[in-house]
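Given next are the chains, with one letter for each unit.
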Amino acid sequence: MNTTTGAMNSSAFSPAHHAPRLLSGWCSTGATATLVEHLRRYGPPALGTRTSPMSVVEAVEAAGLTGRGGAGFPTGRKLRAVAERGGRAVVVVNAMESEPASLKDEFLLTVAPHLVLDGAVLAATVVGADIVHVCLPRTRAVQFGQLRAALDERRSARLDPVRLRLHALPHTYVSSESTSLVRWLNGGPARPQGSPPRTHERGVARRPTLVSNTETFAHLALIARYGADWFRQAGTPDEPGTLLVTVSGAVAAPGVLETAFGTPLDVILDRAGGRTESLQALLLGGLGGTWLPAEHLRVPLARRELAPLGAAPGAGVLVALPRAACGLSETARMLAYLAADGAGQCGPCRFGLPAVAEDFAALAAGRSDPDRLSRLRRRVGLLPDRGACRHPDGAARLAASALRAFADDIDHHLTQGACAAAHRPPRIPVPPAVPPETWR
Amino acid sequence: MTPATPVTSAKTLRIDRIACTGQGLCGELLPELIDLDEWGYPIVKDRAVPDHLRAHARRAAAACPLLALHLDAGRT
């Protein structure tokens, strides 16, 4: 895996950035934690000092842990909702990480698999589940083997009171949506399902189901051990704790880092080796995220400060776009991929998003005109809130933010044709815009 | 005694986005609350159904050939 981590250099930390938590083992050893090492470091994955399952829920609520998959939903509330349904529940670890620019879940599972699994087993104990499903993309065969070995270690040690099952799902952009996992585990296609019923009410095998992101479970495991006050020592009062970020693009040491919420974006770029070129913009949140013009790079990675800019921390993806690149062309390729990789179940993904991608490609190629641009704006405005999942909403966010961030380029492309950079090779890797081979 | 709110329960529109194939009947029958996009898929202007449009909304839901338009009890 081409993952470096600036977190290895502990001298790079100032108090504002806080010491790594999830990656602390990796930072001190530089190797994957075996079960023996993991247990030596953290002790057994029991409820620890918490006396009852609900006290873990209370600790998670007091800690203010939010989901690290992108949406940022309060984890305590999710745990409580499933726990209060009663009956046998199911826990699903979402390790699908379909965002092409994100590597953090894969990295975390590689270096600290037992921290994630501990958290999932704890969550199962809390919500009354007897099984944990770990869902990985089928494309990550090596990781599948590593995790199978990790599960074998735990089975031999008779560590867990619940069953753990590993699954390899088709890897598409929308197969990481929580209802896609539920649908696939129930024998169907890995495509999003509209609600109701909601997953926490009736999910896998019609049982109350908790689906959470890989990293969220690892934080949960540490909160159960060290408590809410410890967790809140990093981050901001509104958004406590640390998060994993994946930094790529025009930085010297792209890779996965652990940082506290509230860390300024340019500090994160510095910790990823610093910029290799003058930057034009930063893509925050991945392909369903927001282009931030370079003048906003001092903004902290925090929901409250990013909201006025139309952005959010999301799943911690930062892509640095150099000034020498064409933002419109880069965005056009992203939209083409998002359009091709959607589930194609709802109107916006069947027609709206492909039309937006086509309009955007014309704009990037210098084949657009003011009428087509206003049609593009209208079509982008009609994508959100009209699908069974949030795929079109994310694509609309990307397109709308590109139209804002690259407004000067748009003028150039409309009046003088595509800029010189549009003819050069793309700078940001995007998967090919072809429909998924299978949903099953 | 005069109740502050109408005694009849409020209704909201819900569209099953996966079932919907953009036939556009809902927009024809309930233009007050539903617009159509250029492909015939509904754009809900207001989910809350005012009392005077309740019969129209019910008729639009019944007319959807995919049964994708639903009237749920309660305001959002």
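Residues numbered from 1 in each chain as written. Chains lettered and ligands numbered in written order. Predicted model: local features only at pLDDT ≥ 70, side-chain atom pairs only at ≥ 80, totals over all residues. Heavy atoms only, no water.

Enquirer: Just checking my understanding: could you explain the overall build of chain A for this structure?
Expert: Helix and strand content of chain A: 17 helices and nine strands. The globule rule puts the C-alpha radius of gyration for 440 residues at 22 Å, and the 22 Å found for chain A is close to it. Within chain A, the proportion of its 440 residues that are buried is 57%. Partitioning the contacts of chain A with sequence separation of at least 6, the portion at a separation of at least 24 is 72%. Of the roughly 17,000 Å² of accessible surface on chain A, 52% is carried by carbon and sulfur atoms. (Helix = DSSP H or I, 4+ residues; strand = E, 2+ residues; numbered from the N terminus. Rg over C-alpha atoms; globule rule 2.2 N^0.38 Å. Buried < 20%, exposed > 50% of the residue type's maximum accessible area, 1.4 Å probe, protein only. Contact = heavy atoms within 4.5 Å. Areas by Shrake-Rupley, 256 points an atom, 1.4 Å probe, with all protein chains shown as cover.)

Enquirer: Looking at this structure, I do not really get the nonpolar core. What am I missing?
Expert: In globular proteins that are soluble, nonpolar side chains generally tend to be buried together. All names here are of chain A. Counting 56 residues, the largest nonpolar core has Leu-79, Val-91, Val-127 and Val-132 as its most contacted members. No other element matches the ten residues that helix H6 (residues 113–127) contributes to this core. When sequence neighbours within four positions are dropped, the list of residues in contact with Val-91 reads Ala-120, Ala-123, Ala-124, Val-127, Ala-129, Ile-131, Val-132, His-133, Leu-210 and Phe-217. In terms of nonpolar packing, the next biggest core, distinct from the first, is built from 41 residues, Cys-326, Cys-349, Val-356 and Phe-360 among them. (Core = buried A, V, L, I, M, F, W, Y, C linked by side-chain atoms within 4.5 Å.)

Enquirer: Can you walk me through the packing of aromatic side chains in this structure?
Expert: Each aromatic ring pair is characterised by the separation of its centres together with the angle its planes make. Per the counting criterion, the structure on display carries seven aromatic pairs over all chains. Measuring from centroid to centroid gives 5.2 Å for Trp-291 of chain A and Phe-406 of chain A, while their planes differ by 65°, and the two rings are edge-to-face. Of the two residues, Trp-291 of chain A is situated in strand S8 (residues 290–293) and Phe-406 of chain A in the loop between helix H16 (391–405) and helix H17 (407–416); the sequence distance between them amounts to 115 residues. Aromatic pair Phe-351 of chain A and Tyr-41 of chain B: ring centres 5.8 Å apart, planes at 50°, arrangement tilted. Residue Phe-351 of chain A is located in helix H14 (residues 347–364), and its partner Tyr-41 of chain B is located in the loop between strand S2 (34–36) and strand S3 (42–44); the two belong to separate chains. Judged by its relative accessible area of 33%, Phe-351 of chain A is partly exposed. Accessibility expressed as a relative area gives 4% for Tyr-41 of chain B, which makes it buried. Site record: aromatic cluster; members linked through ring pairs are Tyr-226, Trp-230 and Phe-231 of chain A. Seen from the ring of Trp-230 of chain A, Arg-21 of chain A lies directly overhead, with NZ or CZ sitting 4.0 Å from the centre. A cation sits over an aromatic face here: Arg-440 of chain A above Trp-184 of chain A, 4.2 Å from the ring centre. (Phe/Tyr/Trp six-rings, centres within 6.5 Å; stacked < 30°, edge-to-face > 60°. Lys NZ or Arg CZ within 6 Å of the ring centre and 35° of its normal.)

Enquirer: Is there a simple way to think about the confidence of the model for chain A in this case?
Expert: Close inspection of predicted coordinates is inappropriate in any region flagged by low pLDDT. Chain-level statistics for chain A give a pLDDT mean of 93 and a share of 95% at 70 or above. Across residues 1–16 of chain A, where pLDDT falls below 50, the model places 30 contacts with residues more than four positions away in sequence or in other chains. (pLDDT = per-residue confidence, 0-100.)

Enquirer: Would you explain the sheet that holds strand S1 (residues 89–94) of chain A in this entry?
Expert: Two orientations exist for strands paired in a sheet by backbone hydrogen bonds: parallel and antiparallel. Residue and element names in this part refer to chain A. Spatially, four strands are ordered S3-S2-S1-S4 in an open sheet, and the strand pairing comes out parallel. At either end of the open sheet lies a strand with only one pairing partner, and these are strand S3 (163–169) and strand S4 (209–213). For this sheet the average axis-to-axis angle between neighbouring strands, irrespective of direction, equals 20°. Here five bridges tie S1 to S4, and the two strands are oriented parallel to one another. (Pairing = 2+ DSSP bridges. Axes fitted to C-alpha atoms, helices over the stretch in contact; angles between N-to-C directions.)

Enquirer: Can you walk me through the interface of chain B and chain A in this structure?
Expert: A common way to state how big an interface is: give the accessible area lost once the parts meet. Taken together, the contacts link eleven residues of chain B with 18 residues of chain A. Counting the surface lost from both chain B and chain A, the interface buries some 1,200 Å², and carbon and sulfur atoms represent 59% of this. Area buried by chain B at its contact with chain A is led by Arg-17, Ile-18 and Trp-39 of chain B, which between them contribute 52% of it. If you look at where chain B meets chain A, you find two salt bridges. A salt bridge links Glu-38 of chain B to Arg-379 of chain A, with the nearest nitrogen and oxygen atoms 2.7 Å apart. Inspection of the chain B/chain A interface yields five residue pairs in polar contact (both at pLDDT 80 or more). Considered class by class, the residues forming the side of chain B that touches chain A number six nonpolar, one polar and four charged. (Buried area = accessible area lost by both parts, 1.4 Å probe. Salt bridge = Lys/Arg side-chain N within 4 Å of Asp/Glu carboxyl O. Polar contact = N/O pair within 3.5 Å; in protein donor to acceptor, adjacent residues only side chain to side chain. Nonpolar A, V, L, I, M, F, W, Y, C, P; charged D, E, K, R; others polar.)

Enquirer: So what exactly am I meant to see when it comes to the environment of Val-134 of chain A here?
Expert: Residues and elements named next belong to chain A. For Val-134, the position within the fold is in strand S2 (residues 129–137). Exposure remark for Val-134: the relative accessible area of 2% places this residue in the buried category. On a C-alpha basis, the gap between Val-134 and Gly-235 in space is 28 Å, while along the polypeptide they are 101 residues apart.

Enquirer: Would you mind showing me how to read the pattern of salt bridges here?
Expert: Opposite charge on two side chains allows them to pair when their charged atoms are near. All names here are of chain A. One pass over the structure, following the stated rule, counts 28 salt bridges over all chains. As a salt-bridge pair, Arg-427 and Glu-277 come within 2.4 Å of each other at their nearest N and O atoms. One end of the pair, Arg-427, is in the segment after H17; the other, Glu-277, is in the loop between helix H11 (265–271) and strand S7 (279–284), and 150 residues separate them in sequence. Taking relative accessible area as the criterion, Arg-427 reaches 38% and is therefore assigned partly exposed. Exposure remark for Glu-277: the relative accessible area of 27% places this residue in the partly exposed category. The salt bridge partner of Arg-379 is Asp-359, with a shortest N-O separation of 3.0 Å.

Enquirer: Teacher, can you tell me more about the pairing of strand S6 (residues 255–260) of chain A here?
Expert: Strand residues, when the strand is regular, have side chains that alternate between the two faces of the sheet. Residues and elements named next belong to chain A. Of all six residues in S6, six are buried, a share of seventy percent or more. As defined by bridge partners, strand S5 (residues 242–249) adjoins S6 across six bridges and the pair is classed as antiparallel. Counterpart to Thr-246 in the pairing with S6 is Val-256.

Enquirer: Can you walk me through the sheet that holds strand S1 (residues 11–15) of chain B in this structure?
Expert: Residue and element names in this part refer to chain B. Taken in spatial order, the three strands of this open sheet run S4-S1-S5, and their pairing is antiparallel. Pairing within the sheet leaves two strands with one partner each, and these edge strands are strand S4 (48–49) and strand S5 (69–73). Relative to S4, S1 runs antiparallel, the two being bridged by two bridges. Note on S4: the bridge partner recorded for Thr-12 is Ala-48.

Enquirer: Teacher, can you tell me more about helix H7 (residues 141–156) of chain A here?
Expert: Residues and elements named next belong to chain A. Taking 1.5 Å per residue as the helical rise, H7 with its 16 residues ought to reach 22 Å, and the 23 Å between its terminal C-alpha atoms agrees with that figure. For H7, the complete set of buried residues consists of Gln-143, Phe-144, Leu-147, Ala-150, Leu-151 and Arg-154. In a view along the axis of H7, the buried residues occupy a sector of 125°, so they form one face of it. Seen from the open side of H7, the exposed residues pointing more than 90 degrees away from its buried face are Ala-141, Val-142 and Ser-156. Along its buried surface, H7 packs onto helix H2 (35–42), helix H5 (104–111), H6, S2 and S3. Positive backbone phi, at 50°, marks Arg-158, one or two positions downstream of H7. (Expected span 1.5 Å × (residues − 1). Arc of directions from axis to C-beta.)

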